[in-house]
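# Notes for the structure review
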Amino acid sequence: MKNKRLIWLFSLVLLFVWTILPPSNADALPQPRQTTITSPSQLIDAVNNLRASYGLAALTTHTALMQSAQSQVDYMAVWLIREPKQGRV
């Protein structure tokens, strides 16, 4: 009976210590490269670089879709400035 209590107590202490200690390989994790993307072409280049690293084909751009997307973003930006309370979720 006393041995079971000691084993139980030891298990709890071991579990507690295991949960609070960081993993031994925490420093070995790769850090994502932070880049500032300021244009749509930079975003597409970043996505294509990521796709290439996985062996996937590059995405292509469609001029009409890019213009339409930019028009929508411009509209949304103006709408959010005029009516900020309604634009928040």
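For clarity, every value in this text was computed on a predicted model and none was experimentally measured.

Thresholds, definitions, all that
- Residues numbered from 1 in each chain as written.
- Predicted model: local features only at pLDDT ≥ 70, side-chain atom pairs only at ≥ 80, totals over all residues.
- Heavy atoms only, no water.
- Helix = DSSP H or I, 4+ residues; strand = E, 2+ residues; numbered from the N terminus.
- Buried < 20%, exposed > 50% of the residue type's maximum accessible area, 1.4 Å probe, protein only.
- Areas by Shrake-Rupley, 256 points an atom, 1.4 Å probe, with all protein chains shown as cover.
- Expected span 1.5 Å × (residues − 1).
- pLDDT = per-residue confidence, 0-100.
- Patch = residues over 30% accessible without salt bridge, like charges linked within 9 Å, V, L, I, M, F, W, Y side chains within 5 Å.
- Salt bridge = Lys/Arg side-chain N within 4 Å of Asp/Glu carboxyl O.

## Digging into the overall build of the protein chain
- Scanning the protein chain from terminus to terminus reveals four helices and zero strands.
- The linear arrangement of helices and strands in the protein chain, starting from the amino end, is α-α-α-α.
- Within the protein chain, buried positions represent 1% of all 89 residues.
- Accessible area of the protein chain: about 8,900 Å², with a carbon and sulfur share of 64%.

## Let's talk about helix 1 (residues 2-20)
- The end-to-end C-alpha distance of helix 1, which contains 19 residues, comes to 27 Å, matching closely the 27 Å that a straight helix rising 1.5 Å per residue would cover.
- Little of helix 1 is tucked away, with zero of its 19 residues classed as buried.

## Some thoughts on the confidence of the model for the protein chain
- The predicted model of the protein chain averages 80 in pLDDT, with 79% of residues at 70 or higher.
- For the protein chain, per-element mean pLDDT is lowest for helix 4 (residues 84-87), which scores 58, and highest for helix 2 (residues 40-53), which scores 91.

## Remarks on a nonpolar patch on the surface
- On the surface, a nonpolar cluster with roughly 570 Å² of combined accessible area is contributed by Leu 9, Val 13, Phe 16, Val 17, Ile 20 and Leu 21.
- By secondary structure assignment, the location of Ile 20 is in helix 1.

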